[in-house]
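Structure assessment
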Amino acid sequence: SCFSIKMEGSFDAVRNALDFNVRVQFARSDSLVGKVLHPIVWPFTKLLLEFKLTGTAEDPKWSYVTVLDRVMEVVK
């Protein structure tokens, strides 16, 4: 496949609360094409294609995580 989606986080069933970081990854590194393209697309994937998934299962909220958001998280 050309891309994959990696999710890390949790779902609290008691509170029905989503808390996930979602990253779209182009050119998966387990294929020949991925091994060739990974160094090229990695900066874009790392810096531009990350989202936060919150809310509930019935009403999920998607938000884009900006580069500045990530920098501020590292600084904390």
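Notes on the structure follow.

1. With respect to unusual backbone geometry
Phi is positive for Asn16, which is not a glycine, with a value near 55 degrees. By the element assignment, Asn16 lies in the loop between β1 (3-12) and β2 (17-26).

2. Brief notes about a nonpolar patch on the surface
A cluster of nonpolar side chains, contributed by Leu32, Val33, Val36, Leu37 and Ile40, occupies part of the molecular surface with about 490 Å² of accessible area. The topology assignment puts Leu32 in helix α1 (residues 32-48).

3. Details of the side chain of Glu50
Tracing the chain through its elements places Glu50 in strand β3 (residues 50-55). Since its relative accessible area comes to 10%, Glu50 is described here as buried. Here the side chain of Glu50 touches Arg23 through a polar contact of 2.4 Å, side chain to side chain.

4. A few points about the environment of Ala13
Structurally, Ala13 is set in the loop between β1 and β2. For the pair Ala13 and Ala57, spaced 44 residues apart in the sequence, the C-alpha separation amounts to 9.5 Å.

5. A word on the pairing of strand β4 (residues 60-64)
Here β3 pairs with β4 via five bridges, running antiparallel. Opposite Leu53, over in β4, you have Trp62 as the bridge partner. Linkage of β3 to β4, two consecutive antiparallel strands, is achieved through a turn of four residues.

About the thresholds
Residues numbered from 1 in each chain as written. Predicted model: local features only at pLDDT ≥ 70, side-chain atom pairs only at ≥ 80, totals over all residues. Heavy atoms only, no water. Helix = DSSP H or I, 4+ residues; strand = E, 2+ residues; numbered from the N terminus. Patch = residues over 30% accessible without salt bridge, like charges linked within 9 Å, V, L, I, M, F, W, Y side chains within 5 Å. Areas by Shrake-Rupley, 256 points an atom, 1.4 Å probe, with all protein chains shown as cover. Salt bridge = Lys/Arg side-chain N within 4 Å of Asp/Glu carboxyl O. Buried < 20%, exposed > 50% of the residue type's maximum accessible area, 1.4 Å probe, protein only. Polar contact = N/O pair within 3.5 Å; in protein donor to acceptor, adjacent residues only side chain to side chain. Pairing = 2+ DSSP bridges.

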